[in-house]
Each structure stands twice: as structure tokens, then as C-alpha cells.
Amino acid sequence: QVQLVESGGGLVQAGGSLRLSCTASGTVFSRYAMGWYRQAPGKQRELVAAITNDGPTNYRDSVKGRFTISRDNAKNTVYLQMNSLKPEDTAVYYCNRFIVPWDYWGQGTQVTVSS
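Now for a quick tour of the structure. Along each chain, residues carry numbers from 1 onward, in the same order as the chain's sequence is written. Thresholds applied to this predicted model are a pLDDT of at least 70 for local features of residues and 80 or more for the giving and counting of side-chain atom pairs; totals over whole chains, interfaces and linings are not thresholded and use all residues. Where side-chain values are given, they derive from all heavy atoms of the structure, hydrogens and water being excluded.

Description of the packing of aromatic side chains
Using the following cut-off: Stacked, edge-to-face and tilted labels apply to pairs of Phe, Tyr and Trp rings (six-membered ring for Trp) whose centres lie within 6.5 Å, assigned for plane angles under 30 degrees, over 60, and everything in between, in that order. Under the scheme used here, helices are H or I runs from DSSP no shorter than 4 residues and strands are E runs no shorter than 2 residues, and both carry numbers assigned from the N terminus. Here the term buried applies to any residue with accessible area under 20% of the maximum for its type, exposed to any over 50%, and partly exposed to those in between, with areas from a 1.4 Å probe on protein chains only.
Across all of its chains, the model carries 3 aromatic pairs by this definition. Each ring, one from Y37 and one from W105, has its centre 5.2 Å from the other, and the planes form 80°; the classification is edge-to-face. In this pair, Y37 is assigned in strand β4 (residues 34-39) and W105 in the loop between β9 (91-97) and β10 (109-114), connecting sequence segments 68 residues apart. For Y37, a relative accessible area of 8% corresponds to the buried category. A residue is classified by how much of its surface remains accessible, and W105, at 23% relative accessible area, is partly exposed. Among the aromatic side chains, those forming a connected cluster through ring pairs are Y37, Y94 and W105.

Here it is in C-alpha cells:
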């Protein structure tokens, strides 16, 4: 059974940076495209960034140029480097498989950006 553990969130001021990590177990991680998703209070979960199993990436327009997704298949880990953070980036951030997420979601990591 797949398990996903996210970490690295916190409270930062606008303009600050955070690096999120997500480690997967119970699956052949390197086979899958992975995504970072986020859910703000009262809003639906949305895809933030995605990376294929061999490297190409994609981002939602609101984070292009500020966020960078990467992965280390040897460590079963996907990262999200977030720079120039804005208050509207405040949300719980999750990782999961891209396009067709696994049914299991980790606990997420809270990112709060103060103005």
C-alpha cells in the first residue's frame, strides 16, 4: 500500500521561501509522474506542479517562475522549492501521483504566508 509523507511547511513572510519534500513508500516511485497539490480553506484541491518520471515539468500559471518541482528517484522523494511566496499560496500542500492520484493522501504540510 502506498504511503506518502510530506514535510517542510511552515510560517513565512511574503517574499520568503520554503522547500517541501514528499517521500513515497509501498510503490515503484520511479514509474510514475508525480504532482504537488494544495488545498486552501474553503477551496477545492488544485494541482500546483507536476513532474514526469524522467524529468519534464509543468506548473499552474500562478506559480510559474516562483516554484520548482524536482525528484530524486533513488530516494523516492519529490520536492517543491517555493520562492517569492505570496499570501495566496497559503494552503495545505500534498503530493500524489499525477493525473490519476492514488486513493491514499498523506497528511499534507501546512504552508502559511503572512503579508
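We are not done yet, so read on.
With respect to the nonpolar core
Within soluble globular proteins, side chains that are nonpolar tend to cluster in buried spots. Stated precisely, the cut-off is as follows: Nonpolar cores were defined as sets of buried Ala, Val, Leu, Ile, Met, Phe, Trp, Tyr and Cys residues, with membership established by side-chain atoms within 4.5 Å.
The biggest cluster of nonpolar side chains holds 27 residues, and the ones touching the most others in it are W36, V78, L80, M82 and Y93. Listed by contribution, the elements that provide at least two residues to this core are β3 (18-25), β4, β5 (46-51), β7 (67-72), β8 (77-82), β9 and β10. Per-element accounting of this core gives the leading share, 4 residues, to β3.

Some words on the environment of F98
Here is the rule we go by: Should any heavy atoms of two residues lie within 4.5 Å, those residues are counted as being in contact.
Here F98 shows up in the loop between β9 and β10. Sequence separation of F98 and A50 is 48 residues, and the distance between their C-alpha atoms is 6.5 Å. Sequence-distant contacts of F98, that is, excluding residues within four places in its chain, are made with A33, M34, G35, Y37, L47 and A50.

Focus on the pattern of salt bridges
What counts is decided by this rule: Salt bridges are counted wherever a side-chain nitrogen of Lys or Arg sits within 4 Å of a carboxyl oxygen of Asp or Glu.
Per the stated rule, a full pass over the model turns up 5 salt bridges. Note that D89 and R38 form a salt bridge whose closest N and O atoms lie 3.0 Å from each other. Of this pair, D89 sits in the loop between β8 and β9 while R38 sits in strand β4, and the two are 51 residues apart along the sequence. With a relative accessible area of 1%, D89 lands in the buried category. For R38, a relative accessible area of 7% puts it in the buried group. Here R60 ties to E46 by a salt bridge, and the two come within 3.5 Å at their closest N and O atoms. Placement of R60 in the loop between β6 (57-59) and β7 and of E46 in strand β5 is noted, with a sequence separation of 14 residues between them. Assessed through its relative accessible area of 26%, E46 is described here as partly exposed. If you follow the salt bridges from partner to partner, you end up with R38, E46, R60, R66 and D89 in one network.

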